[in-house]
Amino acid sequence: MTDAATFAAVFVALYVAHTVGDHWVQSSCQAAAKGGPGWTGRLACGRHVLGLTLTKAVLLVPVVLVLGLPVTALGLVLGLGLDAASHYWADRRTTLARLARTCGKAEFYSLGTPAHPAHPVTAEGTPAATLGTGAYALDQSWHMLWLGVAALIIAAV
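A short tour of the structure in this document, coming up. (Residues numbered from 1 in each chain as written. Predicted model: local features only at pLDDT ≥ 70, side-chain atom pairs only at ≥ 80, totals over all residues. Heavy atoms only, no water.)

## Some points on the overall build of the protein
Along the backbone of the protein there are seven helices and zero strands. For the protein, the α and β elements follow one another from N to C terminus as α-α-α-α-α-α-α. Along the longest, intermediate and shortest principal axes, the C-alpha atoms of the protein span 60 × 30 × 30 Å. Per-residue burial over the protein gives 38% buried out of 157 residues. For the protein, the share of sequence-separated contacts (at least 6 apart) that also reach a separation of at least 24 residues comes to 76%. (Helix = DSSP H or I, 4+ residues; strand = E, 2+ residues; numbered from the N terminus. Buried < 20%, exposed > 50% of the residue type's maximum accessible area, 1.4 Å probe, protein only. Contact = heavy atoms within 4.5 Å.)

## Considerations on the side chain of Asp 139
Within the secondary structure, Asp 139 sits in helix α7 (residues 134–156). Within the buried core, Asp 139 has no salt-bridge partner, and the shortest N-O distance to an opposite charge, that of Lys 34, equals 5.9 Å. Once you skip the residues sitting within four places of it in the chain, Asp 139 turns out to touch Asp 22, Ala 90, Asp 91 and Leu 96. (Lys, Arg positive; Asp, Glu negative; His and termini not counted. Salt bridge = Lys/Arg side-chain N within 4 Å of Asp/Glu carboxyl O.)

## Notes on the pattern of salt bridges
One pass over the full model with this rule turns up two salt bridges. The residue Asp 91 makes a salt bridge to Lys 34 at a minimum N-O spacing of 3.0 Å. With a gap of 57 residues between them, Asp 91 in helix α4 (residues 73–91) and Lys 34 in the loop between α2 (28–33) and α3 (38–67) connect regions that are remote in the sequence. For Lys 34, a relative accessible area of 7% puts it in the buried group.

## Concerning α3
Here α3 spans 43 Å end to end across 30 residues, near enough to the 44 Å set by a 1.5 Å rise per residue. Listed as buried for α3 are Gly 41, Ala 44, Cys 45, His 48, Val 49, Gly 51, Leu 52, Thr 53, Thr 55, Lys 56, Leu 60 and Val 64. The inward-facing, buried residues of α3 contact α1 (3–25), α2, α4 and α7. Looking one or two places after α3, you find Gly 68, whose phi comes out positive at around 65°. (Expected span 1.5 Å × (residues − 1).)

Right, here's the structure in full:
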């Protein structure tokens, strides 16, 4: 199997596992607390990232075995470790918000929230719920970037 095919198969497995782990495995408590201050927020984020990383490993291992992908234990540890660290960094929220401000994306980051200048409102003028926000879109695109890096490491090491 070529490195390109290994990269593609690993990326697809990681992508599927990411969506499952980030949305189905993560608890509501973790989602609510992971960006909070102090040890409560850090531990909630750590538990989320641990569950997410285990989900990625559980879904990736059968793909590696069934397809006979030439990956190494070192590649898996490095790739999943870097992905976990980048996920924790972004999910603490203040870090990703700071990066968005630094990159000139603060307005987009607030899209879909009452903080955005053109936030959606109900007929009564109260904030209207939206499906997704700029913060969520930037969060997920950040995670996809690092899934690609992780897949490259896993395929190449």
